[in-house]
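# Observations on chain architecture
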Amino acid sequence: MQVGLAVDHAGDNNQNPFAPKAFVIRYWDRVIKNNLPKPSFILSKASPLSAADASAFAKHAAANTLSTKLPEFCSAAHLLCFPEVNPSLKKHSQDGDFSVYNDAQNFTNYGTERPGGIDSFKNYSNGFESNPVNEFRQYSRSAAGHNDSFTNYAIETNVADQNFNTYGSGAAGGSGEFKEYAEDTNVPNLRFTTYSVGVAGREQSFNSYSENGNAGDQSFGNYGKDSAGAQNRFTEYGTNSNVASSGFSSYADKGTGDEDTFVNYGVNMNNPTENFKNYARGSTGGVEKFSNYRDQANVGADSFSNYAKGSTGGTQVDFDNYGKSFNEGTDTFKGYAKGADADHKVTFKGYGVNNTFKDYDKKGISFAKYTNASSSSTNSVSDSGSLVKKWVQPGKFFREKMLKQGVIMPMPDIKDKLPQRAFLPRTILTKLPFASSKLNELKQVFKVSDNSSMDKMIVDSLSECERAPSMGETKRCVGSLEDMIDFATSVMGHNVTVRSTESVNGSGKNVMVGRVRGINGGKVTESVSCHQSLFPYLLYYCHSVPKVRVYEADLLDPESKVKINHGVAICHLDTTAWSPSHGAFMALGSGPGRIEVCHWIFENDMTWTTAD
């Protein structure tokens, strides 16, 4: 099964009054009480299903048999559906050399029990617009002196799902190398279920792992457990990534003489979450080293549980720079070096602001420099400089005074990086489960595997849709255009219209503001803003936004003064409830309730207002 692509049913939709798109147009005319043109950008998101397909799939949804027609449904309805990766019993007994590899597949028994040899993947699942789903099972398991090499793995991919199950387990000697792993990815889900367990003298290295990524999760389970003389090295892990989550469980547990090195882990990350459980627990005589751990990161949370607990034989753990964050996050250490023998050694050369450091062995731990909250300068925004630019794009937030003709300002990258999808017709949507309590039913419909990236996307979206609204907020998640119209009109009445920035022209460059027009005469108003969520079908999180001013502005090329875009901007006048660490305050200074904050409406986002 392939990821769903749009199918051209334009003829059917334009001529058949029973097609979903034709019904939406009639519904719009019935509910919205004005004669303003219907914006093409929103009508293009209506379901492309033909009348016949919509009727047939609605019957399958009502009978709970839609999963039996999932490939056809995903393709015709323009949905995001991942292929099923079926197990393969084929063994790869010869050297493999893949110059370019892109298709979803399961590699089972790859390199298993191989004596010597090398497997090489030069360009594996690359390309931002693709949605690669790949699984390696029993990769280099019980091999002897076998080498694995991935030169470019899942570079610039979109919503990638990559799984290595029992990678290098039981191997003796040899090496595994990932030179560029998941760089510049959007919402990746990367899993090493059992990594280098029970190996002897094997080397594993990641030169660049999930650099410059956006969101997503990475997890390593049973990493280096029960190994002897193993070497694991991360040179650059998660550097410059945004809101990424990493989990290492049972890391180097019960190892003997292992050497694990993180040179740069989570450096310059924005709001990372790192979780280490059972790190070097019961190890003997190993060396664990972090050169730069979460250095100059912005907020986020770190958790170390059972770190070097019960280690013996002089296990050594070094942190050169730990958690010297730009803005203070949350650090939790529990069970640190508890029960270790007298020869263990743990050193911190530089340790940032810490919130919780308890239940640890007081012996054998030294701090060369410790930054406490009272002496910390990490919370200051005044010296942010280039660091802010790493986490907040220039021009993403600006003041209202910038919206004046002749002003030159940076335009952020407003391109929509989520997979293209379409709304479902209400006749199908109402028959599908949509609640955390019905998660298993929903996963069965779309054949979603446990712990997959699709699983996480669905859970996260449901959680956001079901959370209680903020103070003064009215919210609703909508999966059909009819539902979006109903929500917008329920908040602002039936004389409404919807706007979005015309194109992505000017993204990442300086633009000149041309003619500016305040919507509703520039009066303070209320709007309904709608933002995409990751889900199999097009799902929007819509919420009322009180006390705003909405503007339209021509955007010009600063040199030629030629119009290149027509932007829509919204200015939030009341920022009292915003977090002090919000990117807007990092970029503009000040804090909650002290300034207004404006931003452009990004591609495929939108704002509904009362019509002029």
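An account of the accompanying structure is given in this report. (Residues numbered from 1 in each chain as written. Predicted model: local features only at pLDDT ≥ 70, side-chain atom pairs only at ≥ 80, totals over all residues. Heavy atoms only, no water.)

Our focus in this paragraph is the overall build of the protein. Each helix and strand counted, the protein has 11 helices and 30 strands in total. In the protein, which comprises 612 residues, the proportion classed as buried is 54%. Accessible area of the protein: about 24800 Å², with a carbon and sulfur share of 48%. (Helix = DSSP H or I, 4+ residues; strand = E, 2+ residues; numbered from the N terminus. Buried < 20%, exposed > 50% of the residue type's maximum accessible area, 1.4 Å probe, protein only. Areas by Shrake-Rupley, 256 points an atom, 1.4 Å probe, with all protein chains shown as cover.)

What follows concerns the state of the cysteines. Here the structure, examined in full by the defined rule, presents 4 disulfides. Between the sulfur atoms of C530 and its disulfide mate C542 the distance is 2.1 Å. Disulfide C530-C542: the torsion about the S-S bond is 115°, which places it as right-handed. Of this pair, C530 sits in strand β26 (residues 525-533) while C542 sits in strand β27 (residues 539-556), and the two are 12 residues apart along the sequence. C571 shares a disulfide with C598; S-S distance 2.1 Å. Its torsion about the S-S bond being 105°, the disulfide of C571 and C598 is classed as right-handed. Taken together, the residues C571 in strand β28 (residues 563-572) and C598 in strand β29 (residues 597-600) connect sequence positions 27 residues apart. Taking relative accessible area as the criterion, C571 reaches 0% and is therefore assigned buried. Taken N- to C-terminal, the disulfide-bonded cysteines of the protein are connected 1-2, 3-4, 5-6, 7-8. (Disulfide = S-S within 2.5 Å.)

Before going further, it helps to spend a moment on helix α4 (residues 51-62). Residue pairs spaced three or four apart in an α-helix point in one direction, given the helix's 3.6 residues per turn. In this model α4 runs 17 Å from its N-terminal to its C-terminal C-alpha over 12 residues, within 8% of the 16 Å that 1.5 Å per residue would give. Turning to α4, its buried residues are A51, A54, F57, A58 and A61. The buried residues of α4 occupy an angular sector of 135° when projected down its axis, which confines them to one face. Seen from the open side of α4, the exposed residues pointing more than 90 degrees away from its buried face are A52 and K59. (Expected span 1.5 Å × (residues − 1). Arc of directions from axis to C-beta.)

Take the pattern of salt bridges next. Side chains that differ in charge, positive against negative, can pair when their charged atoms come close. Summed over the entire model, instances satisfying the criterion amount to 18 salt bridges. A salt bridge links R399 to E596, with the shortest nitrogen-to-oxygen separation between them at 2.9 Å. Taken together, the positions of R399 in the loop between α6 (386-391) and β22 (408-410) and E596 in the loop between α11 (583-588) and β29 put the pair 197 residues apart, joining distant regions of the chain. D483 is the partner of R426 in a salt bridge, and the nearest nitrogen-oxygen pair spans 2.7 Å. Note that R426 is positioned in helix α7 (residues 426-429) and D483 in helix α10 (residues 481-492), a separation of 57 residues in sequence. Among the charged side chains, a network of salt bridges with common partners joins R426, R476, D483 and D486. (Salt bridge = Lys/Arg side-chain N within 4 Å of Asp/Glu carboxyl O.)

Applying the stated criterion to the full structure yields 60 aromatic pairs. Consider the rings of F57 and F73, whose centres lie 5.0 Å apart with planes at 55°: the pair is tilted. Residue F57 is found in helix α4, and its partner F73 is found in helix α5 (residues 70-77); the two are separated by 16 residues along the sequence. Relative accessible area serves as the criterion here: at 7%, F57 is assigned to the buried category. (Phe/Tyr/Trp six-rings, centres within 6.5 Å; stacked < 30°, edge-to-face > 60°.)

This brings us to the pairing of strand β9 (residues 203-209). Here β9 lies mainly inside the structure; 5 of its 7 residues are buried. Both strand β7 (residues 175-181) and β9 contribute to a ladder of 5 bridges, which runs parallel. In the strand pairing of β9, E177 is matched with S205. As paired strands, β9 and strand β11 (residues 231-237) are joined by 6 bridges and run parallel to one another. Residue pairing across strands places F206 opposite F234, the latter belonging to β11. (Pairing = 2+ DSSP bridges.)

To continue, consider the environment of K456. Here K456 shows up in helix α9 (residues 453-466). Sequence separation of K456 and F535 is 79 residues, and the distance between their C-alpha atoms is 9.8 Å.

Following both chains from N to C, one finds helix α2 (residues 20-31) and α10 inclined at 10°, their axes separated by 10 Å at the closest point. In terms of orientation, α2 lies roughly parallel with respect to α10. At the point where α2 passes α10, the crossing takes the right-handed sense. Here α2 contributes F23, V24, Y27, W28 and V31 to the contact with α10, which in turn contributes L481, E482, I485, D486 and T489. (Axes fitted to C-alpha atoms, helices over the stretch in contact; angles between N-to-C directions. Parallel < 35°, antiparallel > 145°, perpendicular 65-115°, else oblique. Left-handed = near helix turned anticlockwise from the far one by under 90°. Contact = heavy atoms within 4.5 Å.)

Moving on, we come to the nonpolar core. Counting residues in each nonpolar core, the largest one holds 44 residues, and the members touching the most others are Y181, F192, F220, F248 and F319. With residues up to four places along the chain from it excluded, the contact list for Y181 reads Y153, I155, Q162, F164, L190, F192, F206, S208, Y209 and S210. Listed in part, the 38 residues of the second largest apolar core include A54, A76, I428 and L432. (Core = buried A, V, L, I, M, F, W, Y, C linked by side-chain atoms within 4.5 Å.)

Let's shift gears to the environment of I42. Counting through the fold element by element, I42 comes out in helix α3 (residues 40-43). Once the C-alpha coordinates of I42 and M606 are considered, the two residues, 564 residues apart in sequence, prove to be 8.8 Å apart. Once you skip the residues sitting within four places of it in the chain, I42 turns out to touch W28, L481, M484, V498, M606 and W608.

As a further point, take α10. Spanning 12 residues, α10 covers 17 Å between terminal C-alpha atoms, matching the ideal 16 Å at 1.5 Å per step. Here α10 lies mainly inside the structure; 9 of its 12 residues are buried. Considered for burial, the residues of α10 that qualify are L481, E482, D483, M484, I485, F487, A488, T489 and M492. Phi for G493, located one or two positions after α10, is positive at around 90°.

What follows deals with the pairing of strand β6 (residues 161-167). Counting buried positions along β6 yields 6 of 7 residues, so the element is predominantly enclosed. Summarising the sheet, strand β4 (residues 133-139) and β6 pair through 6 bridges and their orientation is parallel. Counted as the bridge partner of E135 is N163 from β6. Pairing of β6 with strand β8 (residues 189-192) involves 4 bridges; the strand directions are parallel. Residue pairing in the sheet places N163 in a bridge with R191 of β8.

Attention now goes to unusual backbone geometry. One non-glycine residue, A182, lies in positive phi territory at about 55°. Within the secondary structure, A182 sits in the loop between β7 and β8. Given a relative accessible area of 0%, A182 falls into the buried group.

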